[in-house]
Amino acid sequence: AQTVTQSQPEMSVQEAETVTLSCTYDTSENNYYLFWYKQPPSRQMILVIRQEAYKQQNATENRFSVNFQKAAKSFSLKISDSQLGDTAMYFCAFMIVRGAQKLVFGQGTRLTINP
Amino acid sequence: EAQVTQNPRYLITVTGKKLTVTCSQNMNHEYMSWYRQDPGLGLRQIYYSMNVEVTDKGDVPEGYKVSRKEKRNFPLILESPSPNQTSLYFCASRQLPGLGSSEQFFGPGTRLTVL
């Protein structure tokens, strides 16, 4: 069975600091996608960044970047120059590209950016 | 505007009273699914559908039913709701992998309380 683990239930940093959220996953598959989703207080699920497992280069989207370590099955999210609007719950998720193709989510990390 | 809509957004009901949460998408996506979100557990898949008249169980299907009679609609039915089904529910849709983006589009969520 595929599992995703986020070991940090809560994190808090000052505005403009850099913060890294951890995520590990377990699978025997070789072809899959990894995602980070943001859930602000509005509860909307917003895709932050995505990584295809076959790509070695780490994905980057503006202030958001990932450190994808396939052998270690690790997929951390780095937020640079954090902003108050980054305050949200962050979910790491994983999807294999066959069968049910479901998203498997981690437990979430509640991130607070302090002014 | 490309979107996934859910109704109702909030619902308080009593044990045993049948209810339906509707979900509709306007992106002509083949794949639709339902998730429930509970504290400390992340999001878990309830049911999914890969096309019209094709549905299958996810990880937590007990107590739920779905149907897919039209491509755009994927209602979630609780025949006899119980308090342990109190949760935040998300509908989601996407293209099947290989046909385009892996991005999953989420509805705004439905907060259900069963008394």
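Quick summary incoming for the structure in this document. In this text, all values refer to a predicted model and were calculated from it rather than measured experimentally.

Some words on the overall build of chain A
Then comes step 1: Within chain A, the secondary structure is distributed over 0 helices and 12 strands.
Then comes step 2: The 115 residues of chain A split such that 50% are buried.
Then comes step 3: Long-range contacts, defined as pairs at least 24 residues apart, comprise 56% of the intrachain contacts of chain A with a sequence gap of at least 6.
Then comes step 4: Here chain A has roughly 5500 Å² of accessible surface; of this, 45% comes from carbon and sulfur atoms.

Topic: the environment of Lys55 of chain A
Residue and element names in this part refer to chain A.
Then comes step 1: With respect to the helices and strands, Lys55 occurs in the loop between strand 6 (46-52) and strand 7 (60-61).
Then comes step 2: Classification of Lys55 by relative accessible area gives partly exposed; the value is 38%.
Then comes step 3: Residues Lys55 and Ser74, 19 residues apart in the sequence, show an inter-C-alpha distance of 14 Å.

Details of a nonpolar patch on the surface
Then comes step 1: Together, Ile12, Val14 and Leu115 of chain B give the surface a local cluster of nonpolar side chains, amounting to about 320 Å² of exposed area.
Then comes step 2: Within the secondary structure, Val14 of chain B is located in the loop between strand 2 (10-13) and strand 3 (19-25).

Overview of the environment of Asp59 of chain B
Then comes step 1: Mapped onto the elements of the fold, Asp59 of chain B is located in the loop between strand 6 (54-57) and strand 7 (65-66).
Then comes step 2: Under the relative-accessibility criterion, Asp59 of chain B is labelled partly exposed at 44%.
Then comes step 3: In sequence terms Asp59 of chain B and Ser49 of chain B are 10 residues apart; their C-alpha atoms lie 14 Å from each other.
Then comes step 4: Leaving out residues up to four positions away in the same chain, Asp59 of chain B has contacts with Lys102 of chain A together with Gln45 and Ile46 of chain B.
Then comes step 5: A distance of 2.4 Å separates a polar atom in the side chain of Asp59 of chain B from a polar atom in the side chain of Lys102 of chain A.

Details of the sheet that holds strand 1 (residues 4-7) of chain B
Residues and elements named next belong to chain B.
Then comes step 1: Read across the sheet, 4 strands follow the order 1-3-8-7 without closing on themselves; strand pairing throughout is antiparallel. Lying at the two open borders of the sheet, with one neighbouring strand each, are strand 1 and strand 7.
Then comes step 2: Strand direction decides the pairing type here: strand 3 and strand 8 (residues 76-78), joined by 3 bridges, are antiparallel. Residue pairing for strand 8: Thr20 is matched across the bridge by Ile77.

Calculation rules
Residues numbered from 1 in each chain as written. Chains lettered and ligands numbered in written order. Predicted model: local features only at pLDDT ≥ 70, side-chain atom pairs only at ≥ 80, totals over all residues. Heavy atoms only, no water. Helix = DSSP H or I, 4+ residues; strand = E, 2+ residues; numbered from the N terminus. Buried < 20%, exposed > 50% of the residue type's maximum accessible area, 1.4 Å probe, protein only. Contact = heavy atoms within 4.5 Å. Areas by Shrake-Rupley, 256 points an atom, 1.4 Å probe, with all protein chains shown as cover. Patch = residues over 30% accessible without salt bridge, like charges linked within 9 Å, V, L, I, M, F, W, Y side chains within 5 Å. Salt bridge = Lys/Arg side-chain N within 4 Å of Asp/Glu carboxyl O. Polar contact = N/O pair within 3.5 Å; in protein donor to acceptor, adjacent residues only side chain to side chain. Pairing = 2+ DSSP bridges.

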